[in-house]
Amino acid sequence: MPGKADSRREQVNTQLQTMIHNFSSLRLLVVGDIMLDRYVWGDVERISPEAPVPVLQVKREDQRLGGAANVARNLCDLGVNVIIAGVVGKDSAGESVRQMLMAHGMHAELAIDEERPTTVKTRVIAQGQQVVRVDRECKNSLGRAMTSALQSALDSIDDPIDGIVVSDYAKGVVNREIVALLSDMASSRHIELTIDPKPCNAPNYKGATTITPNEQEALAMTGSAVSLEPEVVAKKLHEQLKVPKVLITRGPRGMFAWNVDEGSKEICSKAREVYDVTGAGDTVAAVLSASLASGATLFDAAELANIAAGLVVAKVGTASVSSKELLEALRGRGG
Ligand SMILES: Nc1ncnc2c1ncn2[C@@H]1O[C@H](COP(=O)(O)OP(=O)(O)OP(=O)(O)O)[C@@H](O)[C@H]1O
Ligand SMILES: [Mg+2]
């Protein structure tokens, strides 16, 4: 005879499965710091005669969508229809981003800032080990002209939208004016505004309905001591930002979810083996926002996001999870 907990899990599993099947009927708007992740792989066989540095013989190069564009890509892989809005520079990296977004079937509203480069993070990897990362970026907040260009792009969206997700990497796009517009959009359309935050921009987040900081970000935003219980930190965030739902991600320790309706819940991490934790936060933002847009409670949405993050950290090289993989993972835990 299945116990009470088993039948509750079975019921949640069935609900989550139905929800994943319906992801393809959702349209989400992603706004934030769009980046390009570049990888240069090769071998080092000698030291340079010019300086005491290794010489990399390049074998392969690759580029992927990063930052807000990786959140968008995660949503696409779940089957969600995506509109992405952000800023790129007038350069070849910006053009690559545009083409990659289009290749994924996204609708992109990209404002072009002639005064900043497209954010590019280049990882140089020798014999499988990262040797150096080269960042090209400008972290200044968007100027007045670019803010209004992005606002016009956002205002021009008249498609129905089921949710908004903001991916803030503190590169200047997520300023007070942009969040204010998104907050108005979310409240007039009665949809969720989920923000993956950076502490320095905390004062900008008024109007968010859900926030997904990692533990360090949550502590920094609230000025809390490391020893403070996650529940106390979550409540402080709620009071400070007037945000009804808080999800604190805790790396290998999983997550802590708190909200006005359900109270608090600790969710243990799922990965059996961990290969690459980069991008796990983007997967969490994507799965959580899609689930909330489908009407899931914070606890159920967080549980699914935690399963997805567990799958993504166990992968080498890819930073997203498909709806098929999520469905298989749910079947694997019974129900
Ligand atoms: N080492 C790990 N083992 C198992 N699960 C992990 C591990 N690291 C991350 N996760 C999963 O990924 C989720 C998000 O990770 P984390 O809290 O590190 O977010 P983050 O710091 O925002 O990540 P990012 O660097 O992508 O921004 C966790 O809540 C957990 O579910
Ligand atoms: Mg993060």
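For the structure given in this document, a descriptive report is provided here. (Residues numbered from 1 in each chain as written. Chains lettered and ligands numbered in written order. Predicted model: local features only at pLDDT ≥ 70, side-chain atom pairs only at ≥ 80, totals over all residues. Heavy atoms only, no water.)

## Side note on the environment of Asn81
1) Next: On the secondary structure map, Asn81 appears in strand β4 (residues 81–89).
2) Next: Excluding its chain neighbours within four sequence positions, the residues that come into contact with Asn81 are Ser24, Ser25, Leu26, Arg27 and Leu28.
3) Next: At 3.1 Å, the side chain of Asn81 and the backbone oxygen of Ser24 are in polar contact. (Helix = DSSP H or I, 4+ residues; strand = E, 2+ residues; numbered from the N terminus. Contact = heavy atoms within 4.5 Å. Polar contact = N/O pair within 3.5 Å; in protein donor to acceptor, adjacent residues only side chain to side chain.)

## Observations concerning empty space enclosed by the protein
1) Next: Across all of its chains, the model carries one cavity of 30 Å³ or more by this definition.
2) Next: For the largest cavity, the calculated volume is near 70 Å³.
3) Next: As for the largest cavity, its lining consists of Asp33, Ile34, Val87, Val88, Gly89, Arg116, Pro117, Thr118, Thr119, Cys138, Lys171 and Val173.
4) Next: When residues of the lining of the largest cavity are assigned to their parent elements, the largest contribution, three residues, is made by β4.
5) Next: Classifying every residue of the lining of the largest cavity gives six nonpolar, three polar and three charged. (1 Å grid on protein atoms, 1.4 Å probe; cavity = no way out; pocket = protein on both sides within 12 Å on 5 of 7 lines; lining within 4 Å. Points joined across faces, edges and corners; volume = space filled by probe spheres on them. Nonpolar A, V, L, I, M, F, W, Y, C, P; charged D, E, K, R; others polar.)

## Concerning the side chain of Ser224
1) Next: Secondary-structure assignment places Ser224 in the loop between α6 (215–222) and α7 (230–241).
2) Next: Its relative accessible area of 13% is what places Ser224 among the buried residues.
3) Next: A polar atom in the side chain of Ser224 sits 3.4 Å from the side chain of Lys236.
4) Next: When near neighbours in sequence (up to four residues on either side) are disregarded, Ser224 contacts Leu219, Val233 and Lys236. (Buried < 20%, exposed > 50% of the residue type's maximum accessible area, 1.4 Å probe, protein only.)

## Some points on the nonpolar core
Note that soluble globular proteins tend to have their nonpolar side chains buried in a common cluster.
1) Next: Residues Phe23, Val30, Leu75, Val80, Val82, Ile84 and Leu304 are the most contacted members of the largest nonpolar core, which totals 58 residues.
2) Next: Per-element accounting of this core gives the leading share, eleven residues, to helix α9 (residues 298–313).
3) Next: In this structure, Val80 is in contact with Phe23, Leu26, Leu28, Leu75 and Ala290, ignoring residues within four places of it in sequence.
4) Next: If you look at the next biggest cluster of nonpolar residues, it comprises 41 residues, including Ile83, Ala186, Leu193 and Leu237. (Core = buried A, V, L, I, M, F, W, Y, C linked by side-chain atoms within 4.5 Å.)

## Concerning the packing of aromatic side chains
1) Next: Scanning all chains against the criterion turns up one aromatic pair.
2) Next: Between Tyr39 and Trp41 the ring centres are 5.4 Å apart and the planes differ by 15 degrees, which places this aromatic pair in the stacked class. This pair shows no difference in class: Tyr39 is buried, exactly as Trp41 is.
3) Next: The lysine or arginine in question, Arg60, covers the ring of Trp41, its NZ or CZ lying 4.1 Å from the ring centre. (Phe/Tyr/Trp six-rings, centres within 6.5 Å; stacked < 30°, edge-to-face > 60°. Lys NZ or Arg CZ within 6 Å of the ring centre and 35° of its normal.)

## Regarding the packing of helix α8 (residues 280–293) against α9
1) Next: Contact pair α8 / α9: the axes reach a minimum separation of 8 Å and the direction vectors enclose 145 degrees. By crossing handedness, the relation of α8 to α9 is classed as right-handed. Taken together, the residues of α9 that come into contact with α8 (itself represented by Ala280, Thr283, Val284, Val287, Leu288, Ser291 and Leu292) are Leu298, Ala301, Ala302, Leu304, Ala305, Ala308, Ala309, Val312 and Val313. (Axes fitted to C-alpha atoms, helices over the stretch in contact; angles between N-to-C directions. Left-handed = near helix turned anticlockwise from the far one by under 90°.)

## Some thoughts on the pairing of strand β2 (residues 34–47)
1) Next: Pairing between β2 and strand β3 (residues 54–67): 13 bridges, direction antiparallel. The residue of β3 that forms the bridge with Asp37 is Arg64.
2) Next: The turn linking β2 back onto β3 is made up of six residues.
3) Next: Where β2 lies against strand β6 (residues 119–126), eight bridges are found, and the strand directions are parallel. (Pairing = 2+ DSSP bridges.)

## Notes on the side chain of Thr249
1) Next: Topologically, Thr249 is positioned in strand β11 (residues 245–249).
2) Next: Here Thr249 falls in the buried class, since its relative accessible area comes to 15%.
3) Next: Excluding residues that lie within four positions of it along the chain, Thr249 makes contacts with Pro213, Asn214, Glu215, Gly254, Met255 and Val284.

## Overview of the packing of α9 against helix α10 (residues 323–332)
1) Next: The geometry of α9 relative to α10 is characterised by a closest axis approach of 10 Å and an angle of 105 degrees between their N-to-C directions. When the axes of α9 and α10 are compared, the pair comes out roughly perpendicular. Within the contact between the two elements, α9 uses Leu304, Ile307, Ala308 and Leu311 and α10 uses Glu325, Leu326, Ala329 and Leu330.
2) Next: Here the residues of the contact of α9 with α10 sort into seven nonpolar, no polar and one charged. (Parallel < 35°, antiparallel > 145°, perpendicular 65-115°, else oblique.)

## Observations regarding helix α4 (residues 144–155)
1) Next: The terminal C-alpha atoms of α4 lie 16 Å apart, and with twelve residues this matches the ideal 16 Å at 1.5 Å per residue to within 8%.
2) Next: All of the buried residues in α4 are Met146, Thr147, Leu150, Ala153 and Leu154. Taken down its axis, α4 places every buried residue within 125 degrees of arc, on the same side. Away from the buried face of α4 by more than 90 degrees, exposed residues Arg144, Ala145 and Asp155 are located.
3) Next: Buried-residue contacts for α4 involve β1 (27–32), β4, β5 (107–113) and α5 (176–189). (Expected span 1.5 Å × (residues − 1). Arc of directions from axis to C-beta.)

## Quick notes on the environment of Cys268
1) Next: Looking at the element boundaries, Cys268 is found in the loop between β13 (263–267) and α8.
2) Next: Sequence separation of Cys268 and Glu95 is 173 residues, and the distance between their C-alpha atoms is 40 Å.
3) Next: Not counting the four nearest positions on each side in its chain, Cys268 is found in contact with Arg253, Gly254 and Asn306.

## Digging into the site of ligand 1
1) Next: Ligand 1 sits among 18 residues. The nearest are Asn214, Thr249, Gly254, Gly281 and Asn306.
2) Next: Within the backbone of Gly251, an N or O atom sits 2.9 Å from an oxygen atom of ligand 1.
3) Next: Interatomic distance of 3.2 Å between a backbone N/O atom of Gly279 and an oxygen atom of ligand 1.
4) Next: Protein chains bury 83% of the 620 Å² of accessible surface belonging to ligand 1 in isolation.
5) Next: Of all the secondary structure elements, the ones that give two or more residues to the shell around ligand 1 are α8 and α9.
6) Next: Among the residues forming the shell around ligand 1, the class breakdown is nine nonpolar, eight polar and one charged. (Near = heavy atom within 4 Å. Areas by Shrake-Rupley, 256 points an atom, 1.4 Å probe, with all protein chains shown as cover.)

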